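Topology and contacts: notes
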Amino acid sequence: MSLLFEPLSIRGITARNRLWVAPMCQYSAVDGVPQEWHHTHLAQFASGGAGIVIAEATAVTPEGRISPEDTGLWNDAQRDAWSPIVAAVHARGALAGVQLAHAGRKASTWSPLTGRRGSVPHDRGGWTTVAPSAVAFDGFADPVALDTPGIERTVSAFADAAVRAVAAGFDVLEVHAAHGYLLHQFLSPLSNRRDDEYGGELEGRARLLLRVVTAIRDAAPDTAVFVRFSATDWADGGLSVDKVATVAAWAAERGADLFDISSGGLVAHQSITVGPGYQVPLAAHVRRTTGALVNAVGMIDDAAQAEAVLADGAADAVMAGREWLRDPHYALRAAWELGHDIDYWPAQYVRARPHARS
């Protein structure tokens, strides 16, 4: 059997395979409410054989949205709109996850669909952003440093969103601590210049993330919790994979079940050389150091490559993004390419099912 198509059990749930859909922003919500587009977009990946389908970065507060068109889970109307989408993913045999997020200083920005970049002015629907320190992302509006009451509200917002997500039927809650958003901003010394208990050395900078993980675990004791990390800032003086592995171990002690290892996004002057599987060594380091379950991401675009990531012991699962957009039946195709005759082709598509290669 192909490793990619072995089931994986995590905290009482079992993904039918290890080829999953990464969260991808669609910038198509209305007041945080997912629309018909989200239903079609996410359900098609389940039909295409995904093991887990993780919905986009979904804000836990209105001011935590990356753009005014982001999805949310800060109210019950959003919860109720997510419910039939989750049911559609389940009906097609996949597990459903959602990425709980707060964009911090990278919030209130123009959607890429507008063709504009930078912060949305207040008179165009934008808002004042928050961050660990009053330090702007290059080209964006100045944020306000979160005070202690603001930190408490943020922790509560993540917990409340987790409760709504579970009520909507989600199987996996992923905490977004990557790509330069709020929790990543606290983790990195490049953006966190605080001199209180939430700044300074790594333990202080990790305090907010660890409180969020604890609050979500308390709010959803039986639900799988993932954390997405940027394992390096790709910039001098920023986070390193060793530091992130340390934080991941702390998060595991507080109930996190799996770590989704990405990189970058914190600063505009990052220097990255991208290529197929360029982030896989970061995942391998975290897995080897912590002994925790880890998934790899980053230009993993074909079946043999994905299989090799698992065979090499670099990760326990693989998430892809753009390849699923190019081919919503990526897993069905990958199984055929690897010679694995999976049994979860949709009945309506069986007439097109090829015989597995021997």
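Anything mentioned here points back to the structure above.
Residues numbered from 1 in each chain as written. Predicted model: local features only at pLDDT ≥ 70, side-chain atom pairs only at ≥ 80, totals over all residues. Heavy atoms only, no water.

Description of the packing of aromatic side chains
Across all of its chains, the model carries six aromatic pairs by this definition. Judged by centre distance (5.6 Å) and plane angle (65 degrees), the rings of Trp-82 and Phe-170 are edge-to-face. Taken together, the positions of Trp-82 in helix H2 (residues 76-91) and Phe-170 in the loop between helix H3 (148-168) and strand S8 (172-177) put the pair 88 residues apart, joining distant regions of the chain. Residue class for Trp-82 comes out buried when judged on its relative accessible area of 0%. (Phe/Tyr/Trp six-rings, centres within 6.5 Å; stacked < 30°, edge-to-face > 60°. Helix = DSSP H or I, 4+ residues; strand = E, 2+ residues; numbered from the N terminus. Buried < 20%, exposed > 50% of the residue type's maximum accessible area, 1.4 Å probe, protein only.)

A word on the pairing of strand S5 (residues 95-101)
With seven of seven residues buried, S5 is to be regarded as a mostly interior element. Relative to S5, strand S4 (residues 52-59) runs parallel, the two sharing seven bridges. Bridge pairing in S5 places Ala-55 opposite Val-98. As paired strands, S5 and S8 are joined by four bridges and run parallel to one another. Residue Gly-97 lies in a different strand from S8, and its bridge partner there is Val-172. (Pairing = 2+ DSSP bridges.)

Details of the environment of Arg-288
Relative to the helices and strands, Arg-288 is located in helix H8 (residues 280-290). Taking C-alpha positions, Arg-288 is 9.3 Å from Ala-245, a pair spaced 43 residues apart along the chain.

Description of the nonpolar core
A general tendency of soluble globular proteins is for nonpolar side chains to be buried together. With 91 residues, the main nonpolar core has Leu-100, Leu-209, Phe-229 and Phe-259 as its most contacted residues. Ignoring anything within four residues of it in the chain, the contact list for Leu-100 reads Thr-58, Val-60, Leu-73, Phe-158, Ala-161, Ala-162, Leu-173, Glu-174, Val-175, His-176 and Ile-216. Membership of the second largest hydrophobic core comes to 16 residues, among which are Ile-52, Phe-226, Val-297 and Ala-317. (Core = buried A, V, L, I, M, F, W, Y, C linked by side-chain atoms within 4.5 Å. Contact = heavy atoms within 4.5 Å.)

Topic: the pattern of salt bridges
Applying the stated criterion to the full structure yields 17 salt bridges. Where Glu-253 meets Arg-254, a salt bridge forms, and the shortest distance between an N and an O atom there is 3.8 Å. In this structure, Glu-323 and Arg-326 form a salt bridge, with 2.9 Å as the shortest nitrogen-oxygen distance. Pair noted here: Glu-323 and Arg-326 are both in helix H10 (residues 322-326), with a separation of three residues, about one helical turn. The exposure class assigned to Glu-323 is buried, which follows from its relative accessible area of 10%. Looking at Arg-326, the relative accessible area reads 52%, which means it is exposed. Bridged by salt links that share partners, the residues Asp-301, Glu-323, Arg-326, Asp-327, Arg-333 and Glu-337 form one connected network. (Salt bridge = Lys/Arg side-chain N within 4 Å of Asp/Glu carboxyl O.)

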